[in-house]
Amino acid sequence: MQLGMIGLGRMGANMARRLMRAGHECVVFDLDPENVKRLAGEGATGAKSLEDFVSRLSVPRAAWLMVPAGAPTEQTVAALGERMKAGDIIIDGGNSHFKDDVRRARMLAQKGIHYVDVGTSGGIWGLEQGYCLMVGGEAEAVKRLEPIFQALAPGRGQIARTPGRENLSSTAEEGYIHCGPAGSGHFVKMVHNGIEYGLMQAYAEGFDILRNANSQELPEDLRYDLNLADIAEVWRRGSVIRSWLLDLSAMALVEDPALSSYTGFVQDSGEGRWTIMAAIEEAVPADVLSASLYARFRSRQEHTFAEKLLSAMRHKFGGHLEPPTGE
């Protein structure tokens, strides 16, 4: 099918490439004409403006946004809403707050335009490995987009089937699910990212303890000069704490054992904060997730080896760079 893609950054461009590899037609637009030119050279249909973008889409249209959350997404959704017609679909694949999704869906529904929110995980690795998709919106619109989700998702691959799922009917094993109505996709992705904070913090603190096992403050016979890259590697093989985040940590440690190319200044992208706010609204204790968020705040004042590993993991999975000055 045909899909329009707005926002050709690290993820948007690769998502368009993955769709084209699967035989889908992509109409692309970005504020940077060079990004459009690059994708057009790879087979996409480039658009020079938002008006041109909409005009090149076949009715009923489907436009996927991969732009920064907040004002950029809000403005783009509003602009598309003015140009699109009843039956068209606007998809937000970024990291919007789920309450904004509910409001936008209600607003667009007045014109008969469908709004679908898609929590998208996969980072810079998604082009080859596929994207985990958490979808919210009306069943009719989600069903129409099924070929797109199938192309973007990783599929079953080599992952062993969970015992007991043999008689269950779900697309979860393919790497995407329809979570529920508007906002539910981004709500699930928000909690996913909150958990990610906690997992990353646990690895970071553990490796910091290992690194400081040779501290001069310890009795000499209790000091250990440990090879962190080897420890990360051995844990990848059969350990109960193996994961993709551990894989990325192992990569970073073998490339630079001291992580000297990182300052340890760790950003938070918003979803961690929103997860804690949701926990407060639901009166759900979230000790680990809140502590991991506060650790990122602290990292902007003082930097430990743990923060360097956090920064390294963020760079490995999402291409996130530290601020040039570490501030």
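Note that the structure is predicted; figures quoted are calculated from it, not measured. (Residues numbered from 1 in each chain as written. Predicted model: local features only at pLDDT ≥ 70, side-chain atom pairs only at ≥ 80, totals over all residues. Heavy atoms only, no water.)

## Quick notes on the side chain of Asp92
- Summarising the element assignment, Asp92 is placed in strand β5 (residues 89-92).
- Relative accessible area serves as the criterion here: at 0%, Asp92 is assigned to the buried category.
- A distance of 2.4 Å separates a polar atom in the side chain of Asp92 from a polar atom in the side chain of Ser96.
- If we skip the residues at most four places from it in the chain, Asp92 touches Leu65, Thr73, Asp101, Arg104, Tyr115, Val116, Asp117, Val118 and His186. (Helix = DSSP H or I, 4+ residues; strand = E, 2+ residues; numbered from the N terminus. Buried < 20%, exposed > 50% of the residue type's maximum accessible area, 1.4 Å probe, protein only. Polar contact = N/O pair within 3.5 Å; in protein donor to acceptor, adjacent residues only side chain to side chain. Contact = heavy atoms within 4.5 Å.)

## Some words on unusual backbone geometry
- Here the residue pair Val59 and Pro60 is connected by a cis peptide bond, since its omega of -5° sits within 30 degrees of zero.
- The topology assignment puts Pro60 in the loop between α3 (50-55) and β4 (62-65).
- Of note in this structure, Leu259 is not a glycine but carries a positive phi near 50°.
- Here Ala283, not a glycine, exhibits a phi torsion of approximately 60°, which is positive.

## Some thoughts on helix α11 (residues 244-255)
- The terminal C-alpha atoms of α11 lie 17 Å apart, and with twelve residues this matches the ideal 16 Å at 1.5 Å per residue to within 8%.
- Within α11, burial applies to Leu245, Leu246, Leu248, Ser249, Ala250, Ala252 and Leu253.
- Check the buried side of α11 and you find it contacts α9 (184-211), α10 (228-235) and α14 (305-318).
- A side-chain oxygen of the first residue of α11 lies 3.3 Å from the backbone nitrogen of Leu245; this N-cap is Ser243. (Expected span 1.5 Å × (residues − 1).)

## Section: the packing of α9 against helix α12 (residues 271-282)
- Where α9 contacts α12, the two axes come as close as 8 Å, and the packing angle between them is 105°. Overall, the two elements α9 and α12 adopt an arrangement that is roughly perpendicular. In contact with Phe187, Lys189, Met190, Val191, Asn193, Gly194 and Tyr197 of α9, α12 contributes Glu271, Gly272, Trp274, Thr275, Ala278 and Glu282.
- Among the residues forming the contact of α9 with α12, the class breakdown is six nonpolar, four polar and three charged. (Axes fitted to C-alpha atoms, helices over the stretch in contact; angles between N-to-C directions. Parallel < 35°, antiparallel > 145°, perpendicular 65-115°, else oblique. Nonpolar A, V, L, I, M, F, W, Y, C, P; charged D, E, K, R; others polar.)

## Observations concerning the pairing of strand β1 (residues 2-6)
- Of all five residues in β1, five are buried, a share of seventy percent or more.
- Neither face of β1 is open: one carries Gln2, Gly4 and Ile6, the other Leu3 and Met5, and all of them are buried.
- Read as a crossover between parallel neighbours, the route from β1 over helix α1 (residues 10-21) to strand β2 (residues 25-29) is right-handed.
- As judged from the three bridges shared by β1 and β4, these two strands associate in the parallel manner. Counted as the bridge partner of Ile6 is Leu65 from β4. (Right-handed = clockwise from strand over helix to strand, strands pointing away. Pairing = 2+ DSSP bridges.)

## Regarding the nonpolar core
- Residues Val28, Trp64, Ile91 and Phe149 are the most contacted members of the largest nonpolar core, which totals 33 residues.
- With six residues, α1 is the largest single contributor of residues to this core.
- With residues near it in sequence (within four places) discarded, Ile91 still touches Leu3, Ala62, Ala63, Trp64, Leu65, Val116, Val118 and Leu145.
- Membership of the second largest hydrophobic core comes to 25 residues, among which are Ala204, Leu210, Leu245 and Leu253. (Core = buried A, V, L, I, M, F, W, Y, C linked by side-chain atoms within 4.5 Å.)

## Things to note about the sheet that holds β4
- Strand order in the open sheet made by the eight strands is β3-β2-β1-β4-β5-β6-β7-β8, with mixed pairing throughout. Every interior strand has two partners, whereas the edge strands, β3 (45-46) and β8 (176-180), have only one.
- This element, helix α4 (residues 71-83), spans β1, β4, β5 and β6 (114-121) of the sheet and lies at about 170° to β4.

## Here's the deal with the side chain of Asp117
- Position of Asp117 among the secondary structure elements: in strand β6.
- Lacking a salt bridge, the buried Asp117 has Arg104 as its closest oppositely charged neighbour, with an N-O distance of 8.6 Å.
- In terms of polar contacts, Asp117 uses its side chain to reach the backbone amide nitrogen of Gly185, at 2.9 Å.
- In terms of polar contacts, Asp117 uses its side chain to reach the backbone amide nitrogen of His186, at 2.9 Å.
- In contact with Asp117, not counting residues within four places along its chain, are Asp92, Asp101, Met134, Val135, Gly136, Gly137, Pro181, Ala182, Gly183, Ser184, Gly185 and His186. (Lys, Arg positive; Asp, Glu negative; His and termini not counted. Salt bridge = Lys/Arg side-chain N within 4 Å of Asp/Glu carboxyl O.)

## A closer look at a nonpolar patch on the surface
- Together, Leu222, Tyr224 and Leu226 line one region of the surface with nonpolar side chains, adding up to about 280 Å² of accessible area.
- Summarising the element assignment, Leu226 is placed in the loop between α9 and α10. (Patch = residues over 30% accessible without salt bridge, like charges linked within 9 Å, V, L, I, M, F, W, Y side chains within 5 Å. Areas by Shrake-Rupley, 256 points an atom, 1.4 Å probe, with all protein chains shown as cover.)

Fair warning: the whole summary comes from geometry, so function is off the table for now.
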